[in-house]
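Coordinate inspection notes
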Amino acid sequence: MEVILKQDIKKLGEKDDVVSVKPGYGRNYLIPQGFATLATESAKKVLAENIRQAQFKQDKVKKDATELAAKLEAVKLTIGAKAGETGKIFGSVNSIQVADALKKQGFEVDRRRITFEEDPKVLGEYVANLNLHKEVKVQIPFEVVAE
């Protein structure tokens, strides 16, 4: 079954992608939740026209994301967290704390675009992955220190 995604869905695709899914997943979850529509011939033609019209806007967004990525490559963050004597953090450092640290340095990044390869649970150095655009990704090193 082919569907057209109305929004980004992790591990499935981006907005306006035509993806093939199992019929039950599409019929019982994606379509009723409003995440997708059925990919009929007419819907595909409308999608193609919308994509053509949105291409100019996408180019501008990609250019802005590339400029932001170039600025972010020189950034090194330090995030304070409460930790025990062994260096283990009480809780963990999450994307909200990384987004706040970036905001303090003058970069506005949506926290949902920040992911980690491994969750920071002890003091040390880590890497945060920022998905600024479909094709623009940046890795930001950050250090977790005791407060």
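Residues numbered from 1 in each chain as written. Predicted model: local features only at pLDDT ≥ 70, side-chain atom pairs only at ≥ 80, totals over all residues. Heavy atoms only, no water.

Focus on the packing of aromatic side chains
Using the criterion set out here, one finds four aromatic pairs in the structure. Through a chain of ring-to-ring contacts, the aromatic side chains of Tyr-25, Tyr-29 and Phe-35 assemble into a single cluster. (Phe/Tyr/Trp six-rings, centres within 6.5 Å; stacked < 30°, edge-to-face > 60°.)

Comments concerning the UniProt feature "domain: Large ribosomal subunit protein bL9 C-terminal" (unreviewed entry) in the chain
As annotated in UniProt, the feature "domain: Large ribosomal subunit protein bL9 C-terminal" (unreviewed entry) corresponds to residues 64-146 in the numbering used here. As annotated, residues 64-146 comprises 23% helix and 31% strand, and the C-alpha atoms at either end are separated by 35 Å. (UniProt positions renumbered as here; feature names shortened; annotations may be inferred. Helix = DSSP H or I, 4+ residues; strand = E, 2+ residues; numbered from the N terminus.)

Structural notes on unusual backbone geometry
The backbone of Lys-11 sits at a positive phi, close to 65°, despite the residue not being glycine. Along the chain, the position of Lys-11 falls in the loop between strand 1 (2-5) and strand 2 (18-20). According to the relative accessible area criterion, Lys-11 is exposed, its value standing at 88%. The backbone of Asp-16 sits at a positive phi, close to 70°, despite the residue not being glycine. Within the secondary structure, Asp-16 is located in the loop between strand 1 and strand 2. (Buried < 20%, exposed > 50% of the residue type's maximum accessible area, 1.4 Å probe, protein only.)

Details of the sheet that holds strand 2
An order of 2-1-3 is seen for the three strands of this open sheet, with the pairing classed as antiparallel. Strands with a single pairing partner mark the edges of an open sheet, and in this sheet they are strand 2 and strand 3 (36-38). Neighbour to neighbour, the strand axes of the sheet diverge by 40° on average, direction disregarded. Across three bridges, strand 1 lies against strand 3 in antiparallel orientation. The partner of Val-3 across the bridge, within strand 3, is Leu-38. Each of strand 1, strand 2 and strand 3 is contacted by helix 2 (residues 41-72), which is oriented at about 30° to strand 1, the strand it contacts most. (Pairing = 2+ DSSP bridges. Axes fitted to C-alpha atoms, helices over the stretch in contact; angles between N-to-C directions. Contact = heavy atoms within 4.5 Å.)

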